[in-house]
Amino acid sequence: MQGYDNSSYGDAFADVYDEWYGAITDADATAATIADLAASASSADDAAGSPIVELGVGTGRLALPLEPLVRPRRVIGIDSSHAMLDALAAKAPDHRLQLIRGDMIDAIPDGPLGVVFVAFNTFFNLASAERQQACMTTIAARLSPGGCFVIEALVPDEPPLSGSQVEVRSITADRVVLSVSRFGDQLAEGQFVEFTETGGVRLRPWSVRFVAPAELDQMAARAGLQVRHRWRSFDRDPFDDDSDQHVTVYERRADG
């Protein structure tokens, strides 16, 4: 999408993110599972525990409930959008997160890292196979022994969607939101177009590259990672052929 960059999504959605997506998945279940994975990554000579990193921390929907569960371990949130990080700070001015403004490759801190996680399709915001692979490779190099990389994502439709769609997202007495999207070659992009009586027209763009679990596993293998767990959700329900989403936990291979 012409003019779209790493911060476009966050800058466009920060003011409505909690309203639209605050309950999109179970934040408490996510925090509990990440905390358990972090505990299993701890070593006897690492009393404080290696840091936990969330890629695309946004408004802190997951990182804020996670942080009290893992103290004194640091929780680091990375996001490329000033607007998202400002919304987090406004919502929780006394938060104890370490926040980094940057992308999901170059801003990943030096290791060792206990858990790196990326929730609800955020990994797909890396818009090319090369950048997705670079993210995997960077994380694998910085995980602690016993550390893991966790991806939550949908399972793309098979056959993949193609063409264009225009749908109504919501209608109220003073606001209409339309979803305009197009699909092709693992890419999907679109706009939420918001019409209000007082604010006129507001555009909220998004763009993603969908990846099936099998392709993610291939990327992970090239980075020296392997699957430790695959669940349907952070509730740790079993994943099967009918699952439309997955949570995959990758760990470093012994020879990685």
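Residues numbered from 1 in each chain as written. Predicted model: local features only at pLDDT ≥ 70, side-chain atom pairs only at ≥ 80, totals over all residues. Heavy atoms only, no water.

Engineer: So, the side chain of Arg73: which residues are in play, and what are the values?
Structural biologist: Inspection of the secondary structure puts Arg73 in the loop between helix 4 (63–70) and strand 2 (75–79). Of the residues examined, Arg73 reaches a relative accessible area of 9% and is grouped as buried. One polar contact links the side chain of Arg73 to the main-chain carbonyl oxygen of Ala38, over a distance of 3.3 Å. (Helix = DSSP H or I, 4+ residues; strand = E, 2+ residues; numbered from the N terminus. Buried < 20%, exposed > 50% of the residue type's maximum accessible area, 1.4 Å probe, protein only. Polar contact = N/O pair within 3.5 Å; in protein donor to acceptor, adjacent residues only side chain to side chain.)

Engineer: With reference to specific residues and values, describe the pattern of salt bridges.
Structural biologist: Taken as a whole and judged by the stated rule, the model has 15 salt bridges. Of the charged contacts, one joins Glu189 and Arg182 as a salt bridge, the two residues approaching to 2.5 Å between their closest N and O atoms. Beyond isolated ion pairs, a larger network of salt bridges with shared partners links Asp15, Glu19, Arg175, Glu194, Arg202 and Arg204. (Salt bridge = Lys/Arg side-chain N within 4 Å of Asp/Glu carboxyl O.)

Engineer: Go over the environment of Gly111 with me, naming the residues and quoting the values.
Structural biologist: If you trace the backbone, Gly111 turns up in the loop between strand 3 (98–101) and strand 4 (113–118). Here Gly111 falls in the partly exposed class, since its relative accessible area comes to 39%. Distance in space between the C-alpha atoms of Gly111 and Ser50 is 8.1 Å, their sequence separation being 61 residues.

Engineer: With reference to specific residues and values, describe the sheet that holds strand 1 (residues 52–55).
Structural biologist: In spatial order, the strands read 3-2-1-4-5-11-10; together these 7 strands make up an open sheet with mixed pairing. With partners counted over all chains shown, the strands left at the sheet margins are strand 3 and strand 10 (225–231), one partner each. Across this sheet, the average inter-strand angle for adjacent strands is 20°, counted without regard to direction. In this structure, strand 5 (residues 143–154) lies alongside strand 11 (residues 245–252), joined through 7 bridges in antiparallel fashion. Within strand 11, the position partnered with Cys148 by the bridge is Glu251. In this fold helix 6 (residues 129–142) packs onto strand 1, strand 4, strand 5, strand 10 and strand 11, with an angle of close to 150° to the strand it touches most, strand 5. (Pairing = 2+ DSSP bridges. Axes fitted to C-alpha atoms, helices over the stretch in contact; angles between N-to-C directions. Contact = heavy atoms within 4.5 Å.)

Engineer: Tell me about the pairing of strand 11, and name the residues and values.
Structural biologist: Where strand 10 lies against strand 11, 6 bridges are found, and the strand directions are antiparallel. Within strand 11, the residue paired with Val227 across the bridge is Tyr250.

Engineer: Explain the state of the cysteines to me, using residue names and the numbers behind them.
Structural biologist: Inspection of every chain in the model, using the stated rule, returns 0 disulfides. In this model Cys135 remains outside any disulfide bridge; the closest cysteine sulfur is found in Cys148, 14 Å from its own. Under the relative-accessibility criterion, Cys148 is labelled buried at 0%. (Disulfide = S-S within 2.5 Å.)

Engineer: Any details on the pairing of strand 7 (residues 175–184)? Residues and values, ideally.
Structural biologist: Regular strands place side chains that alternate from one sheet face to the opposite one. Alternating residues of strand 7 divide into Arg175, Val177, Ser179, Ser181 and Phe183, all buried, and Val176, Leu178, Val180, Arg182 and Gly184, none buried. Two elements, strand 6 (residues 163–171) and strand 7, share 8 bridges in a ladder whose sense is antiparallel. Bridge pairing in strand 7 places Ser170 opposite Val177. Counting the residues that bridge the hairpin from strand 6 to strand 7 gives 3 residues.

Engineer: Hey, could you go over the nonpolar core for me, with residue numbers and the actual values?
Structural biologist: Core analysis: the biggest nonpolar cluster contains 43 residues, and Phe13, Leu55, Phe123, Met136, Phe149, Ile151 and Leu225 have the highest contact counts within it. Contacts of Leu55, omitting those with residues within four sequence positions, involve Ile78, Met104, Ile108, Val116, Phe117, Val118, Thr122, Cys135, Ile139 and Phe149. (Core = buried A, V, L, I, M, F, W, Y, C linked by side-chain atoms within 4.5 Å.)

Engineer: Please set out the packing of aromatic side chains residue by residue, giving values where relevant.
Structural biologist: Using the criterion set out here, one finds 9 aromatic pairs in the structure. Ring centres 4.4 Å apart and planes at 20° place the aromatic pair Tyr9 and Phe13 in the stacked group. One end of the pair is Tyr9 and the other is Phe13, both in helix 1 (residues 8–13) and 4 residues apart, which spans about a single turn. Feature note: the residues Tyr9, Phe13, Tyr17, Trp20, Tyr21 and Phe192 constitute an aromatic cluster, connected by ring pairs. Here Arg169 stacks its cationic end above the ring of Trp20, 4.1 Å away from the centre of that ring. If you follow Arg236 out to its NZ or CZ, it ends over the ring of Trp231, 6.0 Å from the centre. (Phe/Tyr/Trp six-rings, centres within 6.5 Å; stacked < 30°, edge-to-face > 60°. Lys NZ or Arg CZ within 6 Å of the ring centre and 35° of its normal.)

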